[in-house]
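Summary of structural features
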Amino acid sequence: MEQLYKEKHRPQFHFSPEEKWMNDPNGMVFFNDEYHLFYQYHPFGTTWGPMHWGHAVSKDLIHWEQLLIGLYPDEHGAIFSGSAVVDWNNTSGFFQDGPGLVAIYTSADNYPDSDRPRQRQSLAYSNDNGRTWIKYEGNPVLSDVNITDYRDPKVFWHDETNKWVMVLATGQSVTIYTSANLKDWEFASEFGNKAGSHDGVWECPDLFQLPVDGDENIQKWVMFVSIGDNHDFKEGSRTQYFVGQFDGTTFVNDNSDETILWMDHGRDNYAGVSWSDIPAEDGKRIYIGWMSNWRYANQVPTEEWRSAMTLPRELSLTSSKEGVRLVQRVVPEINSIRKGSEVYQDLTIGTNQPSIFNLFSPLMEVNIELKKQTSNSFGIVLQSSDDEKTVIRYDVEMEKLFVDRTEAGDNSFSESFAAVQDAFLKMENNKINLQIFIDASSIEVFAEDGKVAFTSLIFPKKPYEQLVLFSDEGKILVSSLKLTELDSIWVK
């Protein structure tokens, strides 16, 4: 056990389980000064299996304490994804002495005498800050014999209608239900049959409100929907979002049905949802995702454990010419693991005249502003002496940012892993700024203060040692470059 969290490829500042398999984040709720992170967990293997809810808590979203398993399979089946809320007013009747936590999750088994999957929604409640849970004797509380994929309830309290709202993934749509007590649910509406991407089954919805451009008088609702893997879709599983209006029963999309808005343009951010019950005075909506992809999640080259979560991100909305769009920035609590920095300014990079900088730690944050002068293609190479590298390149004419991991390290475990990831990104005043987080087996890139994000797994033989700034043709100016060492979040 003394080598725990020191294994090859083990993330050092992203949450990962002590051992075994993990996937979707579940039951994310803030209560009594703790952030709870439950997650899909298979305690008996390092590939997907009978699902439990693993559990961890944090005071700051960065450092995590692993707790005992929260929910175990029962007579209603395995414990699939879901959410948790604080029942402040005891609408459920579960609590006698103050508020408590209620988990709403999918019970997954098969119909009797059949191989046909059955998915129903169930409840559990906790009187001790989520350490132990009591299953509701009336489970399941919601079912539909006509829908096979019927899962991943995200529940929240809607003040205006004085009701609980559930968004549930139902095949190729999201169905919305309402309840006064968390036990008895009524159909409200359905969204999405023709909207957005339908390249895979819809999963893990979320629905929440955010101000636009920080103006509390202008509010929009954001709906997340994850898209399961379909081998006809080259990217595998990923997450889309919609921006619109919600009145307590019906969500109306502001954009055309054909508009597809991706949460992340990398391959490895899936099933993410936001924390419930962060105090309104904080005004924050914080999100975390599963840092993997169903195309190869069971095959990635780790042994004692599989999977990690993304860095937690604070979400906001900003206006653009194309419409209101999502922005995501790593939570400011990341500052707790920042160590020493090196800063460079006003560097000119010419054609075939790269500048090379040593990465003085395997755990790094890179902040850089690049200004176009005469170059139409420029960027960054993160590399090791084994000729393994990740290339981040901007193409001025295409107005695209690329993250190329085709030579980033081991990709032998899946034909789908080697990839050039890209996103449209307009320069502002001939500049782009990038924030890059480098961990043992991942790179997260945030462009233009979080307007575009890439989350990408990598599996190099050893940590990257150098950062190379390059220009393919012409010159660029590096207005500023800041290299910051990051600390491990695990006890040494």
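Residues numbered from 1 in each chain as written. Predicted model: local features only at pLDDT ≥ 70, side-chain atom pairs only at ≥ 80, totals over all residues. Heavy atoms only, no water.

1. Things to note about the sheet that holds strand S9 (residues 150–158)
Read from one edge to the other, the open sheet built from four strands follows the order S9-S10-S11-S12, with strand pairing classed as antiparallel. Two strands lie at the open edges of the sheet, namely S9 and strand S12 (186–191), each paired on one side alone. Adjacent strand axes in the sheet meet at a mean angle of 25°, parallel and antiparallel pairs treated alike. Bridging between strand S11 (residues 174–179) and S12 involves five bridges; their strand directions are antiparallel. (Pairing = 2+ DSSP bridges. Helix = DSSP H or I, 4+ residues; strand = E, 2+ residues; numbered from the N terminus. Axes fitted to C-alpha atoms, helices over the stretch in contact; angles between N-to-C directions.)

2. Concerning empty space enclosed by the protein
By the definition in use, this model includes five cavities of 30 Å³ or more. For the largest cavity, the calculated volume is near 110 Å³. Looking at the largest cavity, it is lined by 13 residues, and the ones nearest its centre are Ser 307, Ala 308, Ser 441, Leu 457 and Phe 459. Among the residues making up the lining of the largest cavity, the classes are represented as seven nonpolar, five polar and one charged. In this model, the second largest cavity occupies a volume close to 70 Å³. (1 Å grid on protein atoms, 1.4 Å probe; cavity = no way out; pocket = protein on both sides within 12 Å on 5 of 7 lines; lining within 4 Å. Points joined across faces, edges and corners; volume = space filled by probe spheres on them. Nonpolar A, V, L, I, M, F, W, Y, C, P; charged D, E, K, R; others polar.)

3. Section: the nonpolar core
Among the nonpolar cores identified, the biggest contains 43 residues, and Phe 15, Leu 37 and Trp 275 are the most heavily contacted of them. For this core, the secondary-structure elements that each account for two or more residues are strand S1 (20–31), strand S2 (34–42), strand S5 (78–87), strand S18 (270–274) and strand S19 (286–290). When sequence neighbours within four positions are dropped, the list of residues in contact with Trp 275 reads Met 28, Val 29, Phe 30, Tyr 35, His 36, Leu 37, Leu 61, Trp 64, Arg 285, Ile 286, Tyr 287 and Ile 288. Ranked by size, the runner-up nonpolar core spans 36 residues in total, among them Ile 349, Leu 401, Ile 458 and Leu 483. (Core = buried A, V, L, I, M, F, W, Y, C linked by side-chain atoms within 4.5 Å. Buried < 20%, exposed > 50% of the residue type's maximum accessible area, 1.4 Å probe, protein only. Contact = heavy atoms within 4.5 Å.)

4. Quick look at the layout of surface pockets
Its boundaries defined by the atoms lining it, the largest pocket holds a volume of some 1000 Å³. In terms of lining residues, the largest pocket is bounded by 36 residues, among which Trp 157, Asp 159, Ile 278, Ala 280 and Arg 285 are the most central. Elements with a contribution of two residues or more to the lining of the largest pocket: S1, S5, S9, strand S13 (202–212) and strand S14 (215–227). It is S13 that contributes the most residues to the lining of the largest pocket, six residues altogether. Class assignment of the residues belonging to the lining of the largest pocket gives a composition of 18 nonpolar, eight polar and 10 charged. Put simply, the second largest pocket is a space of about 890 Å³. Along its surface, the second largest pocket is lined by 28 residues, and Glu 322, Arg 325, Phe 424, Lys 451 and Val 452 are the ones closest to its centre.

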